[in-house]
Each structure stands twice: as C-alpha cells, then as structure tokens.
Amino acid sequence: MSTKTLIASLSDDKGQPMTNAQESLEIKEAASPLAAAPAPPSWWTPWRIAFFVLLVATCFFTRFYDLGTRPIMHDESLFVYYTEFQLHRELSYKYMPILHGPAMLHIQALVFHIFGVSDYTMRIGVAALGFFGLFWIWALRRWLGNVGIWVAMAFYVFSPALMFYQRFYRNDALFAFTTLWIFASAVRWWHSRDARWAASFILACTILFCNKESSLFIYFTAITFFVMLIVHDLAAWLLRDKSTNRVVEKPPFIHPAIGAGIVFVFVTLVLTRVFEGIAYEASVVRAIGKDFVLKDVRSIPMALGWQPAVEDVGRAGDPGTWRIFYVVLAAGSLALMVALKKAIDGGWGRSAFLSDYWGSVRKARWWILGALGLGFFLYMAIFTTYFLNTKGPFELYKDTLAYWMGQNAQHRIKGPFHMHLVNMLIYELPMMTTVLVAAIVASLRIAWNRVTPVSLFLVAVAFFGFHALFFRGSEQPMIYFLALTIGCVALGIALLLRPHWGTVLYPLGFALFLVFSAQYLGSTEMDTYLTEPHVVDGVQIDPSGRVHLDETLSLEHPFHLFLIAFLVLGGTVLTWHKIDRGERFHGLAIWWLITNIGAVSYAREKVPWVGIHLALPLVFLTGLWAQKWAVRLAEKKGTWRGVSVGQTVAMALLAVALLWQSKAAFQLCFRNHWDIRERLIFSMTPDDLKHHADMVQRYAEVAGIRTTPHHFQGTTNNPTVAEWLAFYNDPKREKDVQILVKAEATTWPLMWYLRDLDYTQWVDPKTAVEQDYEFLFLEAAQENNVPGLKDKYHVIKGRARMFWTPKVLEWDKLVDAWKLLIPGHYLNTSPQRAEADAAKQEWDKLKNYVLHRHTFDRNDAYWPTVSSQGDYLFCIHKDLPPF
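Residues numbered from 1 in each chain as written. Predicted model: local features only at pLDDT ≥ 70, side-chain atom pairs only at ≥ 80, totals over all residues. Heavy atoms only, no water.

**Student:** Sorry if this is basic, but what is going on with helix H21 (residues 454-471) here?
**Tutor:** In an α-helix, one turn spans 3.6 residues; hence positions three or four apart end up facing the same way. Across its 18 residues, H21 extends 25 Å between first and last C-alpha, which sits within 8% of the 26 Å expected from 1.5 Å per residue. Turning to H21, its buried residues are Val 454, Ser 455, Leu 456, Val 459, Ala 460, Phe 463, Phe 466, His 467, Phe 470 and Phe 471. (Helix = DSSP H or I, 4+ residues; strand = E, 2+ residues; numbered from the N terminus. Expected span 1.5 Å × (residues − 1). Buried < 20%, exposed > 50% of the residue type's maximum accessible area, 1.4 Å probe, protein only.)

Printed below as a string of structure tokens:
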C-alpha cells in the first residue's frame, strides 16, 4: 500500500488525516513524511559508514583534544576541588548545595581514580559525556529519518555551545547527556514496549535529578507533553465520532481510593518535607529583603488547629486556606483517579492512549519497580556520599532547592530575559534560522480540522493562568493577557465551527496579535503600569510594575511580555499540529525548545552555560526539518544524474551552514578559549595564573629542605630534631616552600594548581615579607602598602578573573534600517541621512561582532573594556636561585 493510499484510508470524511492514526510504528511512520527507511541494511551503505565514522572521529577529536591547555575557570575550580580533595584523595565529601547535585563529581572522581589527576584528566569526564551523547542521537535515527539523522549528528558535533561546555568541567555536560538519554529511552520504550527501556528512562531521570535541581524543567517538558498527548487523544475521540482506530487491551486500573491516597500522600510529603521550612541564606535575605513565604508555615498543624496563623505571609499563613487546600486535594485526587479508571477501562481516546500506556506500564512494572529501587539507592548514595552524611532525602533536596531558589531570587548575575536567544543567534545561527523559517512555513501550511482549534483553548488557559498568577488583584491589571485569552477562545470557537477557515483565520489572527501587541506595549496603560507602584488589594507590593516584572519573571522590558505570548501561541499551536499529524517526536522537539526557552530565560543568573540547553532541541529540529525538505526535494525530477536543482542548492546551503558552525566552534574552543569577548565565555581565567602556578611548581621540585622548622604542622609546638626531619623528609610530601595566597580571585584556582603544595592564606603580607616567603599572591592594591615588598621581591602583575559585558545595541537605530532602502535618504540634504547612517553603523557593529568578535566600540583598546576585578600581584623572592 502506498503512503498516499494509506493516508487516504485513515482520513475522516472531510479528507483530513485522522489524529494519531495508528500507534504501531509501521503505520505511524508510513503516515509521516519523516519516516526513516525501516530496513536496517539501508543504514549501512559504504557512504553512510564512511560518514558515520567521520562524524564519530570528529566528535572524539573535538571533545578530547588539548583539554588541559585552557586555564581553569572559577566555577571549574569549585567543582574540581571537592572532587579531587574530598572524593578522590579521601571519601570525606559532604553535600554542598553550591554544586547543585553532586552526580558529576562522582563521575569525575572515578575518572581520577582510573586516569590519574592532571589538567587534562580534569575535563575527561565531561568530554566523554559529550562524545557518548552523540550515540543517543544515533539511537533516534528511525525518527529523524535517513537524511535528518546525519544533519542532526553533524550539527551536534559542530555546535559551538555544546562543544565548549563539553570541554568545561561543570555539570552541564551531564545535564545534556542525561536529557538525551531520557528522551531517547522514552521514545524507544513507546515504540518497542521493551521494559528495559522503561527502566533506562527511570535511571536517566534519577541521575538528572542527582545532577541539578533545574532538572525540574525537563520533567515539566516531559509531563506537559504527555498531558498534551492525552488531551489530544481525547479531543480527537470526542470531536470526531467517538470511535477508536486501534484495538488495545484494557488492563484493570487500580482502585480509585488507593490511587487517590497515593496522590494525596505524595503531594503532602513534597509540600511538608521539601517546601515547608525552606529558608534563604542570610545574604539572600539581605539582598532581596524577604524570605521564603513557607519558612514558618506548617500546613497540617495549621489545618488541624494545632498551630495559629502566621503573620506577614499572606493567605499561606491562614489556617482556613490550608483546610480548603487539603479538602480540595483529597477531592481532586479521588476525582482524578475515578476519571482515569473510567478512561482506561472504557478505552477512551482516538487511539486509546491511556489504556495503551497503562498496559505498557503494567507489563514493565517489575523493571520499573527495580529501576525505582536502584534509582533511590543511587540518589541516597550520591547525595549522602555513600551514607556518610546522615541527612535524609527530603532534607538534602530541600537544601538544593533552597540554594537554587535563593540564588534565583537574589538575581546575582543579571542579564536580559532574551540573552540566551541572542547567544544562540550568534553561535547557532544556521540552526536558529532553519528552525524559525521552518516554523513560519509550517504554521502557514497547517491543515485545520475540528481537533486543531483545541490548541487555541490550551493557549487561552496558559494566558489566563499567566495573568492570574502574576497580575491578580492588581489595580493596574494586565488586560493585554485577558484580551489575548478572549481572542484565542473566540478564534478557537470559530474554527471548531468552520475548520476550513483556519488557513485564513489563523494567519490573520496571528497578524492581528502582532499588531495589537505592538500597540499595547507602547501604550499609555503599559507606561503607567511600569512606572507606578505595583499594588495588590490596596497594598504596595513593589515600587513599580517594572520592578515587579523583574523580580518575578526577570522581565526588563515590555517586549519580553510579547516574546512570552508569541512563543506560547506559536509553539503550542505548532506542537499540537505535529501531534495531530501523527508526528509526535517532531512535536516533542518543538515543545522541548519552547519550554527550554522559557526556563533558561526565566533563570535569573544569566550565565551562558544555562543557555546551551537550547542547542539540543535545535539539533533535533534542524534534523527533522532537513528530513522533511529532503523528502520533498527527492520527489522532484532530477536534472543531472538524478539530482535536482533544489537538492543541489540544499546541499550547498548545508555545507555553508556546517562551515559556519565549525568556524565558530573552533574559534571559540581552540583559538579564543579565554577571550572574554566571546559571549559564551563567562568570567574566564587568563593564562597568567596558570603560568605563575607552574613557576611555583617547578621551583618546589628542586627546592632544598629548609634548615629551620618555621612552618611545622606536627603534633607539638616544640618538635624534636628527629620529628622535624621525619616531617620534612616524608617522601610523600613535596619540598617545603613558603607560599602566601592573599588575593581573593586567585584562591579557588590555586587550590587546584597548588594542590600538592602547602601554602597559607592566613598570614599577614607584612609578616610573610619579613619571614622571606618565596612566593606571594597578593591583591593588586597591596603593591605600595606592604613595606619592603619591592625591595625583596620581583613583582609581576597578573589577572585571575576577567569579565566583559558588551555594550547594548540601540534598538531604535536597528529599526531605522529601512531608511537605508530609500535612495533619497543618501542625499546630504536629506534630514534622514544621519538616521540612515546611524542605522548602518549599528548593524555594522552587530555584523563585526558576529563574524570577528570585535567589540562594539572599536575606539576602545581591548583591555580597558574588561573588568579588573581579578587583578593580583605575583611576587618572587629576589634571592631565589634560577630554576
């Protein structure tokens, strides 16, 4: 049966494809233009083998080559200190929330045990995760297609963002690897129903949970997409003819009362053991002027009348609120379980998705239970360092969550909401362009039917929820979101009644949305809201609406509100459209990108490694749309040896895109790896400190044993000669060299570089000079404040930490670029000549930075544009012999 015939046979009476026509792989793939060739031998033609080997070899080279050259960065030094000192030398590590989840530390400690300790092996763990992540993409070749798989793998290998942070010792490489592991396991489990993939999925989720608390965003992506699948399946069933296009078993569901009890207990435990009692650190409280609202609240005692009301925390401190909450929770849990039992027992849904899913879970239940048990053991072992730490699982995660929420609330490292999108446009321009163009084309080509408008109702719910959560009770309500909600509902009703109008109504509605948004964002109402105090129920919450937006959502400009609405509307509709076509994996990739954009933009610490998680869904979407276009181009007649003009152009564009990516990646990772003008580099350490630490190490290797026990660290203050000699001649010790580290920016990196030497941080610089310490690392401001320093020491200035914040481009000038197209504006007498020239200069700044990393103001020298917070003095005693 041909694909065309098969689709026609699965269509409804109006000729539209039915929703998720068949869940079996063969029918689903045949109905999708993204289908891969099902016969395994077709994957292994000589050319494909050669290309596969080339990609794997390139990935290996780019992840492992020259890992030890780049100096250690501040965040890396924190991770490596606790790994090498407390997990490699001895098992004394106690959980540190500043390191998020400690899973990456345990992996790297294993690397140290196997390969030894060096600047190179320090980054082997993250490099290995980056390399093996490529094979999770390969595991999804059936869904990416026989063209899309190669495109996705190539862009993964040459992604500048992924390449750099897979050569950077932090937990982001493990985050990316486990995210790929999670989605690959979920997709392959659903296809094969092999219980081992279900266990793999659970273990991946556990390791991600043990790696970083922001894993909650990935779980949010997976859960909301799963809910969207359920809603779509039920909507297709209700809005068509309540028939099921697939016969599945209807496995018995658990008793609703038991299920409700499980849900009730789980929610209550998470609320009472994790969220209640969370308190920010003192520094965070001082910075933001408030603490976590549930710090002093105990909901169950309050609901039972055992604890009085708590003041100054709003409704959360009212016992009546918690009584209502627990009654609603119990009733809602029971109602949910009753509905699930009816849906599963009755085989509800166009493809009986719930029954099918529950049946798969029941068949894999022993594997799932085993994986849950192993996962809990791993969680306890990793967080407690194999049960040396006596804190319980809830306390440990409470510490993690409290630290993360505190840092986010403090807004310590500030940056614009859209910063990560800008970074992706600079470094992942081919993928971003491909995805944006493809999304626009796909939106215009949506074939609307009775099910598709349901996506607009989901958007309306999102808009309403956003308004209710952040602007409820405000005396200047954000009617913009309410208007969007009403508009989406009205458009959805119209399209439910007349689906064939969607081709015109949806683009028109989206265009009106853009016009309305632009008008509203510059309106008097918006200006009033942004500038006047934010008042709720007669109480001033924040000095202004702008401050309220910044503190709650990290939004700094009305444009950011528009960006949220744009992504929610476009992303939800497009995801739903792909689900409706049976292209669930494509829909998952779109939803993954949309939710990740929201997550990384909301994160208030705008460090670049947070934004690299956008690169993963971009890789998949680029591959998926490349596969779709390849199929369409292959249907056209060839013009020369079977190759059409379109295919030739596509191959040329792909080659240019990969050249662009490889240039940006190699420039970032191997040429400018410490150049702070690269936006993906944050607070980098120059070569200075590493070079000076190497000098200290070289001297320590040839230094003689001292003749006075000035520095003795034995058991007594008056050592005997024998005790002193035994101490200083211990073969396990390096030769004794007096070193003072008194420059704050050098503290953490030197804990790594001088890891095998004894040095002190507690001696006064004046005392160190008097006692003729061989080496001093001092603050730059101490150059003229320490008596005798310049007389006794060679003083060398260095930098341990560098920051660079690019000047912001002027949006108004960028918008004026249209004036460059008007010939009359080039006349010297034209009043628009200066504006046109200013627009050209602004675009030139952007072009020069993207292509050459030139700073925006070329009149400045490089060094003055960099923060000098990391300046230090490296002092070498003049009496030291050459070494």
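**Student:** Help me understand the packing of aromatic side chains in this model?
**Tutor:** What describes a pair of aromatic rings is the distance from one ring centre to the other and the angle between the planes of the rings. Using the criterion set out here, one finds 64 aromatic pairs in the structure. Ring centres of Tyr 280 and Phe 292 lie 6.2 Å apart, and the angle between their planes is 70°; on these two criteria the pair is classed as edge-to-face. You can see Tyr 280 sitting in the loop between helix H12 (256-275) and helix H13 (282-288) and its partner Phe 292 sitting in the loop between H13 and helix H14 (299-303), a full 12 residues away along the chain. For Tyr 280, a relative accessible area of 14% puts it in the buried group. An aromatic cluster of three or more residues is present, and its members are Phe 51, Phe 52, Phe 60, Phe 64, Phe 131, Phe 132, Phe 135, Trp 138 and Trp 150. We note Arg 89 situated over the ring of Phe 85; from NZ or CZ to the ring centre the distance is 4.6 Å. (Phe/Tyr/Trp six-rings, centres within 6.5 Å; stacked < 30°, edge-to-face > 60°. Lys NZ or Arg CZ within 6 Å of the ring centre and 35° of its normal.)

**Student:** Sorry, what's going on with the pattern of salt bridges here?
**Tutor:** Side chains bearing opposite charge may pair, as long as their charged atoms lie close to each other. Going through the model one piece at a time under the given rule, you end up with 21 salt bridges. Between Glu 76 and Arg 70 there is a salt bridge, with the nearest N and O atoms lying 3.3 Å from each other. Here Glu 76 and Arg 70 have matching classes, each one buried. Taking the shortest distance from any N to any O, the salt bridge between Lys 628 and Glu 583 comes out at 3.9 Å. Taken as a pair, Lys 628 in helix H29 (residues 615-634) and Glu 583 in the loop between helix H26 (558-580) and helix H27 (584-602) lie far apart in primary sequence, 45 residues in all. Side by side, Lys 628 and Glu 583 carry an identical accessibility label, which is buried. (Salt bridge = Lys/Arg side-chain N within 4 Å of Asp/Glu carboxyl O.)

**Student:** I tried to follow the sheet that holds strand S3 (residues 739-742) on my own but got confused; where do I start?
**Tutor:** Remark on secondary structure: sheet strands pair via backbone hydrogen bonds, oriented parallel or antiparallel. Spatially, the four strands line up as an open sheet ordered S3-S4-S6-S5, and their pairing is mixed. Two strands lie at the open edges of the sheet, namely S3 and strand S5 (793-799), each paired on one side alone. Across the sheet, the mean angle from the axis of one strand to that of its neighbour is 20°, orientation sign disregarded. Across seven bridges, the pairing between S5 and strand S6 (residues 871-877) is antiparallel. The residue bridging Gly 798 from the neighbouring strand is Tyr 872, located in S6. Docked against the sheet, helix H31 (residues 687-702) engages S3, strand S4 (775-779), S5 and S6, running at close to 20° with respect to S6. (Pairing = 2+ DSSP bridges. Axes fitted to C-alpha atoms, helices over the stretch in contact; angles between N-to-C directions. Contact = heavy atoms within 4.5 Å.)

**Student:** Please explain a nonpolar patch on the surface as it appears in this structure.
**Tutor:** A contiguous nonpolar patch, built from Leu 91, Leu 374, Phe 377, Tyr 386, Phe 387 and Leu 388 and spanning about 600 Å² of accessible area, is present on the exposed surface. Tracing the backbone through its elements, the reader meets Leu 374 in helix H17 (residues 365-384). Residue classification places Leu 374 among the partly exposed residues on the basis of a relative accessible area of 41%. (Patch = residues over 30% accessible without salt bridge, like charges linked within 9 Å, V, L, I, M, F, W, Y side chains within 5 Å. Areas by Shrake-Rupley, 256 points an atom, 1.4 Å probe, with all protein chains shown as cover.)

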